[in-house]
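Observations on the three-dimensional arrangement
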Amino acid sequence: MGISIHVGLMAGMAFFIAAGLVPILGRPARHFGLVDNPCHRKRHTGAIPLTGGLAMFLAFAVTLFFNLDYLTPYWTLVSGMAVLLAVGLLDDLIDLNANWKLLTQVAVAALMVYAGGIEITHLGTIFGASAGNFSLGPFSGLFTIVCVVFLVNAINMSDGLDGLAGGVGMLILLMLALIGSLAGAPTALVTLCLVLSMAILGFLVYNAQSPLRRRATSFMGDAGSMMLGFAIAWLAIAVATSDQTTIYPSSIAWLLVVPCIDTLAVSCRRIGQGRSPMSADRSHMHHILQRCGLTTRSTVRIIHWLVIATGLVGLLGWFAGAPEWLLFWGATALLFVYMYILARAHRIIRWRQRVRRSTQRIPPSSLATDARH
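Within any chain, residue numbers begin from 1 and follow the written order of that chain's sequence. Local features are withheld for residues below a pLDDT of 70 in this predicted model, meaning they are given only at 70 or higher, and side-chain atom pairs are given and counted only at 80 or more; totals for whole chains, interfaces and linings count all residues. Hydrogens and water molecules were not included; the side-chain quantities draw on all heavy atoms of the structure.

To continue, consider the environment of Leu201. Per the convention used, a helix needs a DSSP run of H or I reaching at least four residues, while a strand needs a run of E reaching at least two, with both numbered from the N terminus. Structurally, Leu201 can be placed in helix α8 (residues 187-207). Overall, Leu201 belongs to the partly exposed group, its relative accessible area being 30%. Between the C-alpha atoms of Leu201 and Ala19, which are 182 residues apart in sequence, the distance is 8.0 Å. Should any heavy atoms of two residues lie within 4.5 Å, those residues are counted as being in contact. Each residue touching Leu201, except ones within four places of it in the same chain, is listed here: Phe15 and Met170. Here's how the labels work: a residue is buried when its accessible area is under 20% of the maximum for its type, exposed when over 50%, partly exposed in between, all with a 1.4 Å probe on protein chains only.

In structure tokens:
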């Protein structure tokens, strides 16, 4: 009980620090030009301070500073987050070349692997129990770096609507904490997930649309999304590869599958069109849902529920003892299904728009008459 109370106090501390820092940082952010201005791709109103990433990091780091037992063993996590935060802030201020951001992401991922010892060594029994664990051998370090960089950019690309990326990150971390505690992961890792999730919640008070807040008054920016993506990757791999945990690697993959399949499918589509996978367009999942006529709040809610649903598939699949190969290939099948849908998204959007137009043309009196019959 003592540990639970202590963890709860740490999580509460992170929430209140983040929630207090976001408005405090707003004025200096405007003074230094650390704001996001509306343009043809960004349809918010007015200049919004990009203070969310800094507030979340400070809340997380200060909370751990007062609990050094959680800070010292995981220095590659905190230092990697700090480096990506700094580079992201520079990018938000002066618009860095994408290659510099990519090099930084590779560098912190390599630090995590070769200095921190956090790496994916096998993928589990994805070809059946009789085949044993599918080992990555000498490619484990490279594979881990690629996965980390990919997830950093997946979270970054999901940061397109008020509350979307922050909510996705918070839900993933909460489910990671749950699955880690059930699977015997070290208490420190579970605590880190909870503390960071509550720091995100403190930011979401100002970023997510709600009955009390019609629009965001703070964004996380590239600083926040890259930092958050790295932290999620670090913690997910640490939980999955811990000697004390019994969780399937494929179950952890299901926690991350929504932002990952969206990013991978969109990137493959751009490459197929002869464009850079990092080029901007409006073909992400949240764009498609909005073009079908959904509001920002409804779109964000749907994607958040998808994250919860897929996370529960991974959790319940492991808990019920489902074969690892079934979870792995199930996630792979989900990717191909989404790529098929994305390739036909324009047809779905046109159909949805026709339905909306035809519904709007029906007089209310006719609908009432049909309902009575």
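This part covers the packing of aromatic side chains. Any two rings among Phe, Tyr and Trp, with Trp reduced to its six-membered ring, count as a pair given centres within 6.5 Å; such a pair is stacked if its planes are under 30 degrees apart, edge-to-face if over 60, and tilted if neither. Applying the stated criterion to the full structure yields 7 aromatic pairs. Ring centres of Tyr74 and Trp234 lie 5.6 Å apart, and the angle between their planes is 90 degrees; on these two criteria the pair is classed as edge-to-face. Within this pair, whereas Tyr74 is found in the loop between α3 (68-71) and α4 (75-94), its partner Trp234 is found in helix α9 (residues 221-241), the two being separated by 160 residues in sequence. Like Trp234, Tyr74 is buried. Each ring, one from Phe328 and one from Trp329, has its centre 4.8 Å from the other, and the planes form 90 degrees; the classification is edge-to-face. Phe328 gets classed as partly exposed once you look at its relative accessible area, which sits at 25%. A network of ring pairs unites the aromatic residues Phe127, Phe134, Phe328 and Trp329 as a single cluster.

On to a nonpolar patch on the surface. Together, Phe127, Phe134, Trp325, Leu326 and Trp329 make up an exposed nonpolar region whose accessible area comes to about 510 Å². Locating Leu326 in the fold gives a position in helix α13 (residues 324-343). Since its relative accessible area comes to 45%, Leu326 is described here as partly exposed. Residues forming no salt bridge and having over 30% relative accessible area are the ones grouped into patches, like charges within 9 Å of each other and nonpolar side chains (Val, Leu, Ile, Met, Phe, Trp, Tyr) within 5 Å. Values of accessible area rely on a 1.4 Å probe in the Shrake-Rupley scheme; residue burial ignores everything except the protein chains shown. We count a salt bridge whenever a side-chain nitrogen from Lys or Arg sits within 4 Å of a carboxyl oxygen from Asp or Glu.

The next subject is a positive patch on the surface. Positive charge is attributed to Lys and Arg, negative charge to Asp and Glu, and no charge count is given to His or to the chain ends. Throughout, a charge is located at the NZ atom of Lys, the CZ atom of Arg, the CG atom of Asp or the CD atom of Glu. Taken together, the side chains of Arg344, Arg347, Arg350, Arg354 and Arg357 define a basic patch exposed on the protein surface. Locating Arg357 in the fold gives a position in helix α14 (residues 345-361).

Every residue is assigned a pLDDT by the predictor, reflecting its confidence on a scale from 0 to 100. With 93% of its residues at a pLDDT of 70 or more, the protein shows a mean pLDDT of 88. By mean pLDDT, the top-scoring element of the protein is helix α6 (residues 140-157) (96), and the lowest-scoring one is helix α15 (residues 364-372) (39). Below pLDDT 50 for its whole length, residues 364-373 participates in 1 contact with residues either more than four positions away or in separate chains.

Attention now goes to the pattern of salt bridges. Oppositely charged side chains may form a pair once their charged atoms are brought near each other. Following the criterion strictly, the structure yields 2 salt bridges and no others. Across the pair Lys101 and Asp91 runs a salt bridge whose closest N-O atoms are separated by 3.2 Å. Note that Lys101 is positioned in helix α5 (residues 98-114) and Asp91 in helix α4, a separation of 10 residues in sequence. On the basis of relative accessibility, which here comes to 17%, the residue Lys101 falls in the buried class. Asp222 is paired through a salt bridge with Lys101; the nearest N and O atoms lie 3.4 Å apart.

Attention shifts here to the packing of helix α10 (residues 249-272) against α13. Note on geometry: axes are lines fitted to C-alpha atoms, helical ones only across the stretch in contact, with angles between N-to-C directions running from 0 to 180 degrees. Where α10 contacts α13, the axes come no closer than 9 Å and their chain directions differ by 25 degrees. The angle between the axes of α10 and α13 places the two elements in the roughly parallel class. You can see that α10 and α13 cross each other, and the crossing is right-handed. Across the interface between the two elements, Pro249, Ser250, Ser251, Trp254, Val257, Ile261, Asp262, Leu264, Ala265, Val266, Cys268 and Arg269 from α10 touch Glu324, Leu327, Phe328, Gly330, Ala331, Leu334, Leu335, Tyr338, Met339 and Leu342 from α13. Ten residues, namely Ala, Val, Leu, Ile, Met, Phe, Trp, Tyr, Cys and Pro, are considered nonpolar, four, namely Asp, Glu, Lys and Arg, are considered charged, and the remaining ones, Gly among them, are considered polar. A per-class count over the contact of α10 with α13 returns 16 nonpolar, 3 polar and 3 charged. Any angle that falls under 35 degrees is termed roughly parallel, while one over 145 is termed roughly antiparallel, one within 65 to 115 roughly perpendicular, and all others oblique. Handedness of each helix crossing follows the sense of rotation of the near helix against the far helix: counterclockwise by less than a right angle gives left-handed, clockwise gives right-handed.

Moving on, we come to the nonpolar core. Among buried residues, those of type Ala, Val, Leu, Ile, Met, Phe, Trp, Tyr and Cys that are joined through side-chain atoms within 4.5 Å constitute a nonpolar core. Among the nonpolar cores identified, the biggest contains 116 residues, and Leu77, Phe230, Trp234 and Leu235 are the most heavily contacted of them. Ranked by residue count, the leading element in this core is α9, at 14 residues. Beyond its immediate chain neighbours, meaning those up to four positions away, Leu235 contacts Leu77, Leu173, Leu176, Leu189, Leu192, Cys193 and Leu196.

On to the side chain of His304. Assignment of secondary structure puts His304 in helix α12 (residues 296-319). Exposure remark for His304: the relative accessible area of 16% places this residue in the buried category. Setting aside residues no more than four positions away along its own chain, His304 makes contact with Gly163, Leu164, Gly167, Val168 and Leu171.

Each residue after the first adds 1.5 Å to the expected span of a helix. With 24 residues, α12 extends 34 Å between its outermost C-alpha atoms, agreeing within 8% with the 34 Å of an ideal straight helix rising 1.5 Å per residue. When α12 is considered as a whole, its buried residues turn out to be Thr299, Val300, Ile303, His304, Val307, Thr310, Gly311, Gly314, Leu315, Gly317 and Trp318. In the segment just after α12, Gly321 is the residue with positive phi, at about 75 degrees.

This part covers the packing of α5 against α9. Across the interface, α5 lies against α9 with an axial gap of 12 Å and an inter-helix angle of 25 degrees. Judged by the angle between their axes, α5 and α9 are roughly parallel. In terms of crossing hand, the pair formed by α5 and α9 is right-handed. For the pair α5 and α9, contact is made by Lys101, Gln105, Val108, Ala109 and Met112 and by Asp222, Met226, Phe230, Ala233, Trp234 and Ile237, respectively.

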